[in-house]
Amino acid sequence: MEFKHIAGLISAAAISVAAMSVALPGTASAQDKTVKIGVIFPLSGNAASAGVHGKAAIETAVEIINTGSGGLGNLPLTNNAGLKGLGGAKVEVVFADNQGSPAVGQNQALRLITEEKVVALAGAYQSGITLTASAIAEKYGIPFVNGESVAANLTERGFKWFFRVTPVASDFAKIYLEFLKDMKAGGIKTDNVAIVHENTEYGTSVSSVITSVFKENGLAIALDIPYAANTTDVQSQVLQLKDKKPDVVIMVSYTSDAILYAKTMQALDYKPPMIIADNSGFSDPSFIKTAGKLTQGLFNRSSFAIGAPGTPTFLINEMYKKKSGGDDLDDTAARQMQGFFVLAEAIDRAGSTEPAKIQAALKATDLKPDQLIMGYKGVKFDDKGQNVLAAGLVIQLQDGENYTPVWPKQLAKTAPAFPYKGW
Amino acid sequence: MSSILVQVIVGGLLLGAVYALFSSGLTLIWGMMNIVNFAHGDFVMLGMYTAFVVWTLLGVGPLAGVPIAALVLATVGIVVYFGLIRSVMKGPMLAQILGTFGLALLLRYSVFWAFGANFLTLPGDLVGGTYDVLGIKLQASRLLAGVVALLVTLGLHLLLTRTSLGSKMLAVSEDATAAQLMGIRPDSMQAIAWAIAAGATGLAGALIATFFYIAPTVGETLGIVAFVTVSLGGFGSVPGALVAGLLIGVIESVSAYWIGGIYKDIVVYSLFLCFLWFRPQGLMGKT
């Protein structure tokens, strides 16, 4: 019945879209010189702050590709204007707002494909929305490249048109595990681990992956605290933690909840010995601005560093800042930008806007670390569409203003600081 | 009783007082003119942004921010009444619903445009810190909001039941034509009701801003709670909103602690529906 309902909705949407394209003839043919890519982000709704930063990142990438002024090392597509493989065609992005809703994200994917005639899709930030939007792309045979969603099952669906560049939950679970083992060897207590996570696709799947990876390695999760995303209050969850006194708290939250937790922990005077935050909310620049000073010593994961002045990532960050209103490129936005570059490079290499050729080019992608803005070991997709060379590191918000790499040792700028300082 | 449980209940009461605080404006509008203001949550949001602007420009906290937010929102209330409500009230129920809903989106996206999507907060120490009473943590900002919630409820209740202005307002709400025959101008009474309701909502927003995040979509999150609080308390009943707010706060808190955060809404809403089954007019609503 559920399926019928959804199918009904989709066909209704398809009919209205078809009606609209009849009403507006000739929209697709006029732009032979551009390559249209659809990007779905949460541009309104509770995750809008992340979506707006993602949009700025994609706009920066488009500017870099279309002007091609060079000076960015071996980063592909940066040395000539437009896409060389398509006779210098410019990249044009059509943004769509998923409003934080899986249903809306799905409709937008449908609209972008059938009405805007995009040749490929990217997005959609929230794992739960990437899930629904990419299902439409799969149905229509349009490549969907995701740079940021980490829920494990996205690449477990046997999809042929879905490609994911970011490391996934299991990669990070292993990083956390190794990090904790290393800290334990240094005398830090890490036996009693609690996970606090929001209950949409992202939080649920990440926490279950962490739980199973930890279990396989003989480290049980003592306390699992799920909560509803966009909640008005988290006092009870913080009190549960305060009562059980875990050594390590792992938090999987979006921005609004992350801010509430930071404020509530301070109000209830609760400081766990160690907090590991799983990116997203805690990497949002507006989290760091509003609650960074309340969460000093927070650990987080990242695959991106702005780098020294003059490096490609530094220069890209300078360009990004002009579009983001001064905010630095954060890990999430950088992963989104990387995903977009991978897609554009594949289209360029395909030398065609035919979806099947782009798909084939994506499958053949083999980028080296110096061709990336992220700290991955490269980009190469397996049969499921997952980048097998994705990697990450542990960072810490030591001063409440900037994250610094602290683990593993060879990538660290400073040593991890203990205990968690809070405010 | 363990001290953690006491803390859970105290936290629930403070949360509930805040729910009551931002629900009183909604219940007033309903009681006065049978209009459900779907833009209510966004009025709260405007109050929060007003407090933020006051703090950014003048560097002062809620002492100035709260009254200014109340005044700004009271003005917004009057403008909304004359610009929108007066005309849609003549139309069918659907026009009223869609009218205020459209207003909600207009306000939300105007703020989006003006302030961007970023989350903002007021500095945490604007209203003292946290008091420790026998091991129970009382956050000053929430305590202030709770006390003000009680005062606002009391004030609105006295206004409606003990003053001639209140009697006139109630007269208009009961029978506008008859009231007009008695020399009361329904238009001004309803404009005043909107000013008071929106003002109380702005005040609530400014107080909530001292411990909550500020974002263009925050009205969505808070708005739903306001509707539940008001229908549980009884549409139009100011004291009902207070009792309902406290009740919901405590139930949410305790169920989130005992059963789990993702189940608290199930507990609250199933109790809510059961209650409405027996008493559809709410706790203190008129039949």
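Every chain's residues receive numbers from 1 upward, in the order its sequence appears when written. Just so you know, chain letters begin at A and ligand numbers begin at 1, following the order they were written in. Reporting of local features is limited, given that this is a predicted model, to residues whose pLDDT is at least 70; pairs of side-chain atoms are given and counted only at 80 or more, and all residues count toward the totals for whole chains, interfaces and linings.

1. Observations regarding the overall build of chain A
Counting from the N terminus, the helices are the DSSP runs of H or I reaching at least four residues and the strands are the DSSP runs of E reaching at least two. A tally of helices and strands in chain A yields twelve helices and twelve strands. Our radius of gyration is a C-alpha quantity, and the globule rule it is checked against amounts to 2.2 Å times the number of residues to the power 0.38. Taking 2.2 N^0.38 as the reference for a compact globule, 423 residues should give roughly 22 Å; the C-alpha atoms of chain A span a radius of gyration of 21 Å, in line with that estimate. Seen through its principal axes, chain A has C-alpha atoms that stretch 65 × 55 × 40 Å. The long-range fraction of contacts in chain A, counting pairs at least 24 apart against all pairs at least 6 apart in sequence, stands at 69%. A residue pair is marked as a contact if its C-beta atoms, positioned from the backbone, fall within 7 Å.

2. Here we look at the sheet that holds strand β6 (residues 193-198) of chain A
All names here are of chain A. A pair of strands is considered paired only if DSSP assigns at least 2 bridges between the two. The seven strands lie next to each other as β7-β6-β8-β9-β10-β11-β12, forming an open sheet whose pairing is mixed. One side of each edge strand has no neighbouring strand; the edge strands of this open sheet are β7 (221-227) and β12 (404-407). Between one strand axis and the next, the sheet turns by 30° as a mean value, whatever way the strands run. Sheet topology places strand β9 (residues 274-277) next to strand β10 (residues 298-302); two bridges connect them, and they run parallel. The residue of β10 that forms the bridge with A277 is N300. Set on the sheet, helix α6 (residues 201-216) makes contact with β6, β7 and β8 (248-252); between it and β6 the angle comes to about 160°. Think of each axis as a best-fit line through the C-alpha atoms, taken over the contacting stretch in the case of a helix, with angles from 0 to 180 degrees between the N-to-C directions.

3. Some points on the pairing of β7(A)
All names here are of chain A. Examined bridge by bridge, β6 and β7 share six bridges and lie parallel to one another. Opposite A194, over in β7, you have L223 as the bridge partner. We call a crossover right-handed when, viewed with the strands running away from us, the connection from the first strand over the helix to the second turns clockwise. At this point the chain moves from β6, through α6, to the parallel β7, and the crossover so formed is right-handed.

4. Comments concerning helix α8 (residues 255-267) of chain A
Residue and element names in this part refer to chain A. Given a rise of 1.5 Å per residue, 13 residues ought to cover 18 Å, and the 18 Å separating the end C-alpha atoms of α8 matches this to within 8%. Each residue is classed by its C-beta neighbour count within 10 Å, where at least 20 other C-beta atoms makes it buried, 12 or fewer makes it exposed, and intermediate counts make it partly exposed; the C-beta atoms are placed from backbone geometry. Counting buried positions along α8 gives 13 out of 13 residues, so the element sits mostly inside the fold. Once α8 ends, the next one or two residues include D269, with phi positive near 50°. Take the residue count of a helix, subtract one, and multiply by 1.5 Å to get its expected span.

5. Let's talk about the packing of helix α9 (residues 218-233) of chain B against helix α10 (residues 238-258) of chain B
Any two packed helices are characterised by how steeply their axes cross, that is the angle between the axes, and by the distance between the axes. Residues and elements named next belong to chain B. Look at α9 against α10: their axes get within 8 Å of each other, and the N-to-C directions meet at 120°. As the angle between them shows, α9 and α10 are arranged oblique. In this structure, α9 crosses over α10, and the sense of that crossing is right-handed. The residues of α10 that touch α9, namely those facing V228, T229, V230, L232 and G233, are G240, A241, V243, A244, G245 and I248. Comment on the angle field: the value is read as roughly parallel under 35 degrees, roughly antiparallel over 145, roughly perpendicular from 65 to 115, and oblique elsewhere. Left-handed describes a crossing whose near helix is turned anticlockwise from the far helix through less than a right angle; right-handed describes the clockwise counterpart.

6. Description of the interface of chain A and chain B
If you look at the interface, chain A gives 37 residues, while chain B gives 31 residues. Every element with two or more residues in the side of chain A that touches chain B is listed here: α2 (48-67), β7, α7 (235-244), α8 and α9 (285-291) of chain A.

7. Some points on the nonpolar core
B:L21, B:M48 and B:I208 are the most contacted members of the largest nonpolar core, which totals 225 residues. A per-element tally of this core places helix α1 (residues 3-33) of chain B first, with 16 residues. How far each domain reaches was decided by an automatic or database domain assignment. Residues from two domains meet in this core; each of domain 1 (31-166 + 308-371) and domain 2 (169-302 + 392-411) of chain A gives at least three. Apart from residues no more than four positions distant in its own chain, B:L21 is found in contact with B:A145, B:V148, B:A149, B:V152, B:A204 and B:L207. Note on terminology: a nonpolar core is a set of buried residues of type Ala, Val, Leu, Ile, Met, Phe, Trp, Tyr or Cys, with members joined through C-beta atoms within 7 Å.

8. A short note on the pairing of strand β1 (residues 130-133) of chain B
Residue and element names in this part refer to chain B. Sheet topology places β1 next to strand β2 (residues 136-139); four bridges connect them, and they run antiparallel. By the bridge assignment for β2, Y131 is matched with L138. Counting the residues that bridge the hairpin from β1 to β2 gives two residues, and of these L134 lies at a positive phi of roughly 50°.

9. Quick look at the domain arrangement of chain A
Residues and elements named next belong to chain A. In terms of domain boundaries, chain A breaks down into domain 1 (31-166 + 308-371) and domain 2 (169-302 + 392-411). A C-alpha centroid distance of 28 Å is found between domain 1 and domain 2. Put simply, the parts of the chain that give the side of domain 1 that touches domain 2 at least two residues each are α2, α4 (127-140) and α11 (331-350). Under the scheme applied, nonpolar residues are Ala, Val, Leu, Ile, Met, Phe, Trp, Tyr, Cys and Pro; charged residues are Asp, Glu, Lys and Arg; polar residues are all the others, including Gly. Tallied by class, the residues present in the side of domain 1 that touches domain 2 amount to six nonpolar, eight polar and four charged.

10. Topic: the environment of B:P67
Residues and elements named next belong to chain B. Within the secondary structure, P67 sits in helix α3 (residues 62-88). With 15 C-beta atoms packed within 10 Å, P67 lands in the partly exposed category. As for P67 and A197, which are separated by 130 residues in sequence, their C-alpha atoms are 14 Å apart.

11. Quick notes on the packing of helix α5 (residues 140-162) of chain B against α10(B)
Residue and element names in this part refer to chain B. Where α5 contacts α10, the two axes come as close as 8 Å, and the packing angle between them is 160°. Between α5 and α10, the interaxial angle falls into the category roughly antiparallel. Across the interface between the two elements, T153, L156, H157 and L160 from α5 touch V238, P239 and L242 from α10. Grouping the amino acids of the contact of α5 with α10 by side-chain chemistry returns five nonpolar, two polar and no charged.

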